[in-house]
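Below, each chain spelled out in residue letters.
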Amino acid sequence: MAGDIIIHKAVKVPVGKDQEQNMEMARRFARRFNSTFEVDFFPEPASFHLTEKAVKVPGLDGSGKMGKSEGNAIYLIDDEKAIKKKVMKAVTDAGPTEPNSVKPEPIANLFAMMDIVSTKDTYDFFNEKYNNCEIRYGDLKKQLAEDINNFCAPIREKIIDIRSNEEYMEKVARMGAEKARESAAKTLAEVREIIGFRPYWLQDSLEEKKRGTQRSILCAFIIWWNFLISLQLALLVSADFC
């Protein structure tokens, strides 16, 4: 992921809260390259989100993260029936026994989703019911399923409309691939020049040739060192399996 970001010299990347670690890795690689070759070439990409803070949508099983691999996700293309079925199966508990109790993670997750898709009045209503130990999770889930469906409906319709137009999808994919290929090729060409991988006939002076040779040696050393580390890790993993 870090390579996909910095190869296009991205400045802002739309990601969720759970991708901050990958973003920091991309920034680290950018800083390392700039520091190693004493240039200001790669910008340090920043996370971009439309809200005041990064969002992490919780999962329906109370795991704290919604995702395809976790099997606890609601997809934007899910219809009303599928959404309701998934939400009604969401993990809950027996309910609070004392007023203003701290919400356990599965319940906090449901309220977090409601905070995203429901109105403030709806959220406040069920939050008050919880704090007063009057919450009925069945009612909360029905309302949450309805609000999620209303939130996803226009997106779902747009997905279905675009999916039905294969010619348009192929055109967009082709245009995106061409644009990405052009951007990546430009970056690679500039990187080769910075580290000294230039054709001999384009090197104008003895000093430039010397500097290019030094950079080439440094780059080769870095590649060889990374190869040795990768080999050692592979041997350690193989030993563990054996």
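The rules behind the values
- Residues numbered from 1 in each chain as written.
- Predicted model: local features only at pLDDT ≥ 70, side-chain atom pairs only at ≥ 80, totals over all residues.
- Heavy atoms only, no water.
- Helix = DSSP H or I, 4+ residues; strand = E, 2+ residues; numbered from the N terminus.
- Expected span 1.5 Å × (residues − 1).
- Buried < 20%, exposed > 50% of the residue type's maximum accessible area, 1.4 Å probe, protein only.
- Arc of directions from axis to C-beta.
- Contact = heavy atoms within 4.5 Å.
- Core = buried A, V, L, I, M, F, W, Y, C linked by side-chain atoms within 4.5 Å.
- Axes fitted to C-alpha atoms, helices over the stretch in contact; angles between N-to-C directions.
- Left-handed = near helix turned anticlockwise from the far one by under 90°.
- Nonpolar A, V, L, I, M, F, W, Y, C, P; charged D, E, K, R; others polar.
- Bend = angle between axes of the 7 residues up to and from the residue.
- Phe/Tyr/Trp six-rings, centres within 6.5 Å; stacked < 30°, edge-to-face > 60°.
- Lys NZ or Arg CZ within 6 Å of the ring centre and 35° of its normal.

1. Here's the deal with helix α2 (residues 20-36)
Reasoning step 1: For α2, which comprises 17 residues, the first-to-last C-alpha distance of 24 Å matches the rise-based estimate of 24 Å (1.5 Å per residue) to within 8%.
Reasoning step 2: Inspection of α2 places M23, A26, R27, A30, F33 and N34 among the buried residues, and these make up the whole buried set. Mapping the buried residues of α2 onto a view down its axis gives an arc of 125°, with all of them on the same face. More than 90 degrees from the buried face of α2, the exposed residues found are Q21, R32 and S35.
Reasoning step 3: At its buried positions, α2 is contacted by α1 (2-6), β1 (12-14), β2 (46-48) and α7 (166-195).
Reasoning step 4: Among the residues trailing α2, E38 stands out with phi positive, at a value near 55°.

2. Description of the nonpolar core
Reasoning step 1: In terms of nonpolar packing, the biggest core is built from 22 residues, with I74, V87, L140, L144 and I148 touching the most fellow members.
Reasoning step 2: For this core, the secondary structure elements donating two or more residues are α3 (80-88), α4 (105-117), α5 (120-131) and α6 (137-163).
Reasoning step 3: Counting residues in hydrophobic clusters, the runner-up holds 16 residues, among them A2, I6, M23 and V191.

3. Concerning the packing of α4 against α6
Reasoning step 1: Where α4 meets α6, the axes come as close as 9 Å, and the angle between the chain directions of the two elements is 35°. Crossing hand, α4 versus α6: left-handed. In contact with I107, L110, F111, M113, M114, I116 and V117 of α4, α6 contributes Y137, L140, Q143, L144, D147, I148 and F151.
Reasoning step 2: Tallied by class, the residues present in the contact of α4 with α6 amount to twelve nonpolar, one polar and one charged.

4. Observations concerning α6
Reasoning step 1: Taking 1.5 Å per residue as the helical rise, α6 with its 27 residues ought to reach 39 Å, and the 36 Å between its terminal C-alpha atoms agrees with that figure.
Reasoning step 2: The axis of α6 is deflected most strongly, by about 40°, at A153, and proline P154 appears within four residues downstream.
Reasoning step 3: Among all positions of α6, only Y137, L140, K141, L144, A145, D147, I148, N149, C152, A153 and R156 are buried.
Reasoning step 4: The inward-facing, buried residues of α6 contact α3, α4 and α5.

5. Looking at the packing of aromatic side chains
Reasoning step 1: Summed over all chains, the structure comprises seven aromatic pairs.
Reasoning step 2: On the basis of an interplanar angle of 50° and a centroid distance of 6.2 Å, the ring pair of F33 and F41 is categorised as tilted. Side by side, F33 and F41 carry an identical accessibility label, which is buried.
Reasoning step 3: Every member of this aromatic cluster is reached through a ring pair, and the members are F33, F37, F41 and F42.
Reasoning step 4: When the ring centre of F41 is taken as origin, the NZ or CZ atom of K9, which lies over that ring, is 4.0 Å away.
Reasoning step 5: The ring of F111 is capped by K103, whose NZ or CZ atom sits 4.8 Å from the centre of that ring.

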